[in-house]
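# Topology and contacts: notes
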Amino acid sequence: MIRKGRLFTPGPTQLLPAAQLAMAAATMHHRTGEFRALYTKVLADLKVFIGTRNDVVMFTASGTGAMEAAVSNLTSPGDKVLVLSAGKFGERWEGLAKSYGCVVETVRSPYGGTVTPQQVRQALKPEHRVLYMQATESSTGVRHDVEGIARLLKNSDTLLIVDAITGLGTTHFDVDGWGIDVIIGGSQKAVMIPPGLAYCAVSSRAWQRMESARNPRYYFDLRKENKNGAKGESSYTPSTALVAALAAAFDYVREQGGGDLAAGRELLVNNAETAAAMTRAAVQALGLRLFSASSPGAALTAVASPDGMDSSDIVKAFRNQFGAVIANGQGEMKGKLFRIAHLGYYDYLDTIAAIGALEQVLAELGRRLEFGAGLRAAQEAYAAAAKESEPATVGS
Ligand SMILES: *Cc1c(COP(=O)(O)O)cnc(C)c1O
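All values reported here derive from a predicted model rather than from experimental measurement.

## As for the domain arrangement of the chain
What the domain assignment reports for the chain is domain 1 (6-12 + 260-389) and domain 2 (17-256). With centres defined by C-alpha atoms, the gap from domain 1 to domain 2 works out at 26 Å. Facing 34 residues of domain 1, the contacting portion of domain 2 comprises 33 residues. For the pairing of domain 1 and domain 2, the buried interface totals around 2,900 Å² over both sides, and the portion due to carbon and sulfur atoms is 64%.

Encoded structure:
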């Protein structure tokens, strides 16, 4: 059959067609009233999408740019920081903090597990200036308990920095209520546009910390960028096309929410939750094991490669046979698991198609299975989720 190119990877994700058109049409200069209006609107929409009253700052960079900003702007050489690490992105926090001369202590979980608030409570010391964590660890599919960990930091001087690059749009957050000092997102994930924009919301406590933080920063200077953002400008030449794409993506999310962006965001999170529940049900019905069974997130589902099978072969077969790109394991996990994304522009039909393709691929690689077993479990999971979200009828 013909092959359509499709991305099922947890970044970059499948693109929103309206955003692609907006990118192609964006011929603006960035020092014009037209662009300032667009930039101002996007920053305002970002606040709603993140769900915060804090200032939002955007950089033209991949997500790691905003992670670096959250280290360079908030720390001084010799600062003690605590990192939660349960995968490749937790390890990125460790590497970043060490690069800036921080003394890094780590609460670690084996790949596939989460770090519990109890573990954090034991490791946390008053001298930890900052705690760095992921909301969802995209290399393993795990979701961490941001709320539980935030509670431990209330009334302490430790800042809470959350890499929610795959957490935003897949997880319900109360950013201001829980006290998240910096929450970070990236464009190639749930907002359905290409890589190249990183953004973060910054609390007043974090702005204060920047007054005394002595690590060097230039491009990723949060205070400079925030000052310019207030005027509808970026400090340097921003990716105007991506900003236009992000505006179109928020218009889509708003429209899905019946004209309300916050409602659209909730719907997007629930959408990912439903796709994840369908996929988990399917792979288990096919006798496969979830890689992060104890605390699976909705951004993606990581599935352990069945005994005797290399996940690279599964990934390859998806691409060769169906033009669909799923993700292999990263680093040491390569060959041992595969990952299917749910964040952003994936609907029921996409999810069912990926599960159907998985059945085909596994059968061809020699696994014994009953066609339809995974699909059936997914359909049942969908029906259960749809029933749960039905509005309660009065009087019955
Ligand atoms: C994608 C991702 C990042 C950012 O990676 P970049 O390649 O710099 O965009 C960071 N953290 C998590 C959890 C991610 O999924």
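Moving on, there is more to tell.
## Let's talk about the site of the ligand
Close to the ligand lie 14 residues; Ser-62, Thr-64, Ser-138, Asp-163 and Lys-189 are nearest. Ser-62 places a side-chain nitrogen or oxygen 2.5 Å from an oxygen atom of the ligand. Separating an oxygen atom of the ligand from a side-chain N or O atom of Arg-92 is a distance of 3.3 Å. Compared with its free state, where it exposes 380 Å², the ligand has 88% of that area covered by protein. Put simply, the parts of the chain that give the shell around the ligand at least two residues each are helix H3 (63-72) and helix H4 (88-99). Counted by class, the shell around the ligand contains three nonpolar, eight polar and three charged residues.

## A word on the pattern of salt bridges
Across all of its chains, the model carries 17 salt bridges by this definition. With its nearest N and O atoms 4.0 Å apart, the salt bridge here joins Glu-127 to Lys-80. With Glu-127 in the loop between helix H5 (117-123) and strand E5 (130-134) and Lys-80 in strand E3 (residues 80-85), this pair connects stretches of sequence that are 47 residues apart. Judged by relative accessible area, which is 37%, Glu-127 ranks as partly exposed.

## Things to note about the sheet that holds strand E10 (residues 197-202)
Two pairing modes exist for strands in a sheet, parallel and antiparallel, and in both the strands are linked by backbone hydrogen bonds. If you walk across this open sheet you meet the seven strands as E2-E10-E9-E8-E5-E3-E4, and the pairing is mixed. In the strand order of this sheet, the two ends are held by strand E2 (55-60) and strand E4 (103-108), each with one partner. When the angles between neighbouring strand axes are averaged without regard to direction, this sheet yields 20 degrees. Two elements, strand E9 (residues 182-186) and E10, share five bridges in a ladder whose sense is antiparallel. Each bridged residue has a counterpart across the sheet, and for Gly-185 the counterpart in E10 is Tyr-199.

Parameters at a glance
- Residues numbered from 1 in each chain as written.
- Predicted model: local features only at pLDDT ≥ 70, side-chain atom pairs only at ≥ 80, totals over all residues.
- Heavy atoms only, no water.
- Domains from an automatic or database assignment.
- Contact = heavy atoms within 4.5 Å.
- Buried area = accessible area lost by both parts, 1.4 Å probe.
- Near = heavy atom within 4 Å.
- Polar contact = N/O pair within 3.5 Å; in protein donor to acceptor, adjacent residues only side chain to side chain.
- Areas by Shrake-Rupley, 256 points an atom, 1.4 Å probe, with all protein chains shown as cover.
- Helix = DSSP H or I, 4+ residues; strand = E, 2+ residues; numbered from the N terminus.
- Nonpolar A, V, L, I, M, F, W, Y, C, P; charged D, E, K, R; others polar.
- Salt bridge = Lys/Arg side-chain N within 4 Å of Asp/Glu carboxyl O.
- Buried < 20%, exposed > 50% of the residue type's maximum accessible area, 1.4 Å probe, protein only.
- Pairing = 2+ DSSP bridges.
- Axes fitted to C-alpha atoms, helices over the stretch in contact; angles between N-to-C directions.

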